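Observations on the model geometry
These are the residues of each chain, in order.
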Amino acid sequence: MTSVLLWCVLLGVALLYGAAVRSTAGITVAVAAGLVAAATVVAAVRGWPPEASAGVALSAGGVGAVVWAFGRAHRRRRTRREALAAHRAARARAGEAVADAVRLRMAAELHDTAAHRLTGIAVAAASALHVADPALRESALRHAGEAAGLARAELAGARAAAPGLAAIDTLVEDWAVPGGVRYRRTAAAASPEIAAAAYRVVREALTNAARYATGARLEIAVLAGPGRLTVEVSDTGGEGKHGDLGTGHGLSGLATTVASCGGTLTAGPDTGGWTVRAAFPAPIGPVPIGPAPAGPAPAGPAPAGPAPLRGAWWRGRRAWDAALAGLAVALTIGASLLPGGTPAPRDFLVLGPLFVLHALPLWWRVRRPGWSLAAMLSIYPVAMAGWTPTPAGDLFLWAWWVELAQLYAFGAHHPRRKGVLAIVAVGLVGGLALALGPGISGNRTAVWAVLAAAVALLSAPAWAAGVLVGGARARRRAAETAERDLLRGRLADVARGERERIAEGLRGTAVRHADAVVAAAGKGDLQAVLDAARAGIDTLRRLLDELRRPAGADGPPPTLAGLEVLAARRQAGVRHVGDFGGLAPELEVGVFRAVEELGGERITVSYLPEGVLVEGTAARRARRRLHALADGYGGALATGGRDDVRVWLPR
């Protein structure tokens, strides 16, 4: 019978460990609860008294908690190893992803600057050619020379400061259309990223109106609301005289830009004309933008993450501390309730609270090690005073392993000086508890000194094991940091080289067309201005098509640079909030895979001190995969209405 019970226990342990390694935390908890319930039912069926059945439940729960924690730790390590392997395997393609990201950024820059200016030149020149007004022709020539000069500077790589909302005023004032413009702005300020996106919305809408609604009257509004900023550009409809001047991808790229700021964009026919409307959840006031390594730029300080996600401690590393505390309670209270070990009710009323007081501090063994150890050792003076039926020495020998677990935490997570002091404290208290035992005779002070030294000597290996593990962990992290810094340096060189290659090669042709516009404007030849502007737009169209063509044939690698390429290919706006500097490679892979599963146009990635929060929308099947992904990292998944999801990946 004993062998059958042993095999049943081993089978239950194997089942629980396998579930913890391969299933999510919720499923594993259900398996553990089922096994504890089964053990309790078996004890009751065998006729054990209620207190013995309670002891079985506690003991099974404590052992199950430790097995569960071991399995969860193995699951997190396996997830980390697989993510690191994927990151290392992708490093050969990381340069391609960075090059693609640079090309996509430069395509957006060229579309927003040079293409916009050359379109304005072509529209103004074409309009002036059809009238005999010398003033209008002179204004068109002057505008062509000035705009082409600015386009040339932008093509050569000169960068202006990020436009604020006031820059929209200048943009509208300089944009002359036959139908006229009605403009109003009530928003005083916005964050730099939102102000730049609002500026781009107005500029793209003006350019499109010039191409497809010649002669239309425009209404432009930049309005502030409670925590919102709205940009709306409407036209009354007109002739599409310059539809061939477009470079493509304008509105789709604009939608991505707006979505990356957390906003929404709508564009379509409206009462005979066309309306472009962008709504931003705008925090009014400046938001600093941090420096960017190879990858997307952060968009400001990280907001506080949702407490329910970060509060799921039982999914992550802190679950191990809770499991140790549960095991300590099980081995003390639970074992004492089993047949043959049940104490008298009066004795249990004293020993029970002491056992709990001794076990619970393991929950704080890493975060508050000094207080945790002090709480553990505080139970022995109670026994030394004779207030417990069990001698202090016996109590210490029975529960000594709890102090050893605390000493291991000292060695693995804290300075060595604190660990040495902790060993001395355990030796002194444990030696005194043993020296005051009923079987000790002679000079108890000398016995105390000898026993204290023996306890300290026997406790030191637990601390030393923690030191070795902590040192190995620190060396591994240092090596990974050095490897990550080396890779980022190499990728920064790739990005710089790609930008220089485009600037010196492909973009040179467009620069020559801008120079041709300046030269034609200087000669007063409007037809030559129009021809040069059209040729420049055609060149830019071909250049933008080439820049948007991915260099790598395969999908983007699971890195932050690859994430930018992935978002651009899917025309999704990914907003990066906070500083992602120092993000571990395995977390880069996790963030990439989370975004890969998300749908919709708006995705937000918030980099917080405790981890990364990814927000978006996902279908039911994708939510199951995201749940497994988050659980493997020790994180969590929260769902909301309309397929909204939040994925929490702790550091």
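As a reminder, the structure under discussion sits directly above these lines.
Below is a short write-up of the structure.

Calculation notes
- Residues numbered from 1 in each chain as written.
- Predicted model: local features only at pLDDT ≥ 70, side-chain atom pairs only at ≥ 80, totals over all residues.
- Heavy atoms only, no water.
- Helix = DSSP H or I, 4+ residues; strand = E, 2+ residues; numbered from the N terminus.
- Buried < 20%, exposed > 50% of the residue type's maximum accessible area, 1.4 Å probe, protein only.
- Polar contact = N/O pair within 3.5 Å; in protein donor to acceptor, adjacent residues only side chain to side chain.
- Contact = heavy atoms within 4.5 Å.
- Patch = residues over 30% accessible without salt bridge, like charges linked within 9 Å, V, L, I, M, F, W, Y side chains within 5 Å.
- Areas by Shrake-Rupley, 256 points an atom, 1.4 Å probe, with all protein chains shown as cover.
- Salt bridge = Lys/Arg side-chain N within 4 Å of Asp/Glu carboxyl O.
- Pairing = 2+ DSSP bridges.
- Axes fitted to C-alpha atoms, helices over the stretch in contact; angles between N-to-C directions.
- Expected span 1.5 Å × (residues − 1).
- Parallel < 35°, antiparallel > 145°, perpendicular 65-115°, else oblique.
- Left-handed = near helix turned anticlockwise from the far one by under 90°.
- Nonpolar A, V, L, I, M, F, W, Y, C, P; charged D, E, K, R; others polar.

Things to note about the side chain of Arg75
Relative to the helices and strands, Arg75 resides in helix α3 (residues 50–112). For Arg75, a relative accessible area of 6% corresponds to the buried category. A polar contact is formed between the side chain of Arg75 and the side chain of Asp631, at a distance of 2.8 Å. In this structure, Arg75 is in contact with Ala20, Val21, Arg22, Ser23, Thr24, Ala628, Asp631 and Gly632, ignoring residues within four places of it in sequence.

Details of the environment of Leu629
Within the secondary structure, Leu629 is located in helix α21 (residues 620–632). Given a relative accessible area of 15%, Leu629 falls into the buried group. Sequence-distant contacts of Leu629, defined by excluding residues within four places in its chain, comprise Gly590, Arg593 and Ala594.

Description of a nonpolar patch on the surface
The grouping of Val420, Val424, Leu428 and Trp448 at the surface amounts to a nonpolar patch, some 320 Å² of accessible area in total. For the nonpolar patch, the element with the most residues is helix α15 (residues 416–435), which contributes 3 residues. Mapped onto the fold, Trp448 is located in helix α16 (residues 444–504).

Brief notes about the sheet that holds strand β1 (residues 181–185)
Strand order in the open sheet formed by 5 strands is β1-β2-β3-β5-β4, and the pairing between neighbours is mixed. Strands at the two margins of the open sheet, each flanked by one partner only, are β1 and β4 (264–270). Recorded for the sheet is a direction-independent mean angle of 10° between the axes of neighbouring strands.

Quick look at α21
Along its 13 residues, α21 runs 19 Å from first to last C-alpha, staying within 8% of the 18 Å computed at 1.5 Å per residue. Within α21, the full set of buried residues consists of Ala622, Arg623, Leu626, Leu629, Ala630, Asp631 and Gly632. At the exit of α21 stands Gly634, carrying a positive phi of roughly 80°.

With respect to the packing of helix α12 (residues 369–377) against helix α14 (residues 392–413)
At a minimum axis distance of 10 Å, the contact between α12 and α14 shows a crossing angle of 165°. One element, α12, and the other, α14, form an angle in the roughly antiparallel class. Where α12 crosses over α14, the handedness of that crossing is left-handed. Contacts between α12 and α14 involve Pro369, Gly370, Ser372, Leu373, Met376 and Leu377 from the former and Val402, Glu403, Gln406 and Phe410 from the latter. Its residues assigned to classes, the contact of α12 with α14 shows 6 nonpolar, 3 polar and 1 charged.

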